[in-house]
Amino acid sequence: ARLVVLVSGSGTNLQALLDAIDAEGPEAYGARIVAVGADRHGIEGLERAERAGIPTFVCRVRDHATRDEWDEALTEATAAYEPDLVISAGFMKIVGKEFLARFGGRVVNTHPALLPSFPGTHGVRDALAYGAKVTGCTVHFVDDGVDTGPIIAQGAVEVLDEDDADGGAALHERIKEVERRLLVDVVGRIARDGYRIEGRKVRLRDG
Ligand code: GRF
């Protein structure tokens with residue numbers, strides 16, 4: 001499968017995919033990353049792609065007169081690489097109707113909370129503030145809502161008393177450790193074995 005990965009920050013999820021594909025080989029893993037897109041310049045996620053010799057593109061909202069024009073530009077830039085799957089790995093923008101019309105049902109997102117709890121931009125902080133004892137991460141298909149698409153896999157992470165001391169930074173790092181493994185496992189299985197969606201239920205086929 002051809003993957004386009006969208007990032008907005010450090011790109012450690014992207015790096016986990018790069019490392020898995022490098023270790024197993026694209027054929028055995030079932031996928032390769034054909035491009036990395038971002039909504040901003042100067043982020044480590046783009047440097048990781050460049051180091052791996054993977055083409056990159058940047059679509060900034062501020063470079064477009066309207067959000068819809070940005071969405072169209074992002075769609076065209078992504079479509080140029082003819083992806084089978086788009087992986088939103090720490091991409092901090094909500095893709096629009098043009099993007100979903102083109103890639104709907106083939107966009108996978110990872111979120112650092114156990115959806116439907118704590119959707120949105122501050123999932124880690126919100127779980128901590130709420131006093132949750134267990135949080136985690138969710139890998140899901142993107143639909144036209146925010147973090148509302150069918151869930152593919154989840155991983156639980158315990159919240160510790162000391163997590164209150166640093167506003168969730170340590171907790172987010174523990175979540176990201178689980179998230180990276182979950183994303184690599186899910187993307188490989190989807191790419192190799194396929195899946196089907198029945199209503200809200202995602203059924204991955206065992207290899
Ligand atoms: C991930 O935890 C993702 O779920 C969240 O932001 C983080 C991105 O991390 N949206 P990275 O850019 O993959 O290191």
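Residues numbered from 1 in each chain as written. Predicted model: local features only at pLDDT ≥ 70, side-chain atom pairs only at ≥ 80, totals over all residues. Heavy atoms only, no water.

Where an unreviewed UniProt entry is consulted, the protein chain appears under the name Phosphoribosylglycinamide formyltransferase, with the organism given as Streptomyces marispadix. Looking at the Sequence similarities (unreviewed entry) heading of the UniProt record, one finds this comment for the protein chain: "Belongs to the GART family." (UniProt positions renumbered as here; feature names shortened; annotations may be inferred.)

A.B. asks: Would you explain helix α3 (residues 44-51) in this entry?
C.D. replies: One full turn of an α-helix is made of 3.6 residues, so residues set three or four places apart face in the same direction. Within α3, burial applies to G45, L46, R48 and A49. Seen from one end, α3 has its buried residues packed into an arc of 155°, which puts them on one side. Turning to α3, the residues buried within the fold contact β1 (2-7), α1 (12-24), β2 (32-38) and β3 (56-58). G53 occupies a position one or two residues after α3 and carries a positive phi of about 70°. (Buried < 20%, exposed > 50% of the residue type's maximum accessible area, 1.4 Å probe, protein only. Helix = DSSP H or I, 4+ residues; strand = E, 2+ residues; numbered from the N terminus. Arc of directions from axis to C-beta. Contact = heavy atoms within 4.5 Å.)

A.B. asks: Where do I start with the pairing of strand β6 (residues 134-141) in this structure?
C.D. replies: The side chains of a regular strand alternate, first on one face of the sheet and then on the other. In terms of burial, β6 is largely enclosed, as seven of its eight residues are buried. Pairing geometry for strand β5 (residues 107-111) and β6, over four bridges, is antiparallel. Across the sheet, T110 pairs through a bridge with V139, a residue of β6. Here β6 runs beside strand β7 (residues 151-158); their pairing, made up of seven bridges, is antiparallel. In the sheet register, C137 faces β7, and the bridge partner there is G155. (Pairing = 2+ DSSP bridges.)

A.B. asks: Before we go on, may I ask you to explain the site of the ligand in this structure?
C.D. replies: For the ligand, the set of nearby residues contains 13 residues, the closest of which are S10, G11, T12, H172 and E179. Here G11 contributes a backbone N or O atom positioned 2.8 Å from an oxygen atom of the ligand. At 2.5 Å from an oxygen atom of the ligand is found a side-chain nitrogen or oxygen belonging to E179. Taking 360 Å² as the accessible area of the ligand by itself, protein coverage stands at 90%. Of all the elements in the fold, those that place two or more residues in the shell around the ligand are α1, β5 and α7 (169-193). With three residues, α7 is the largest single contributor of residues to the shell around the ligand. Among the residues making up the shell around the ligand, the classes are represented as two nonpolar, nine polar and two charged. (Near = heavy atom within 4 Å. Polar contact = N/O pair within 3.5 Å; in protein donor to acceptor, adjacent residues only side chain to side chain. Areas by Shrake-Rupley, 256 points an atom, 1.4 Å probe, with all protein chains shown as cover. Nonpolar A, V, L, I, M, F, W, Y, C, P; charged D, E, K, R; others polar.)

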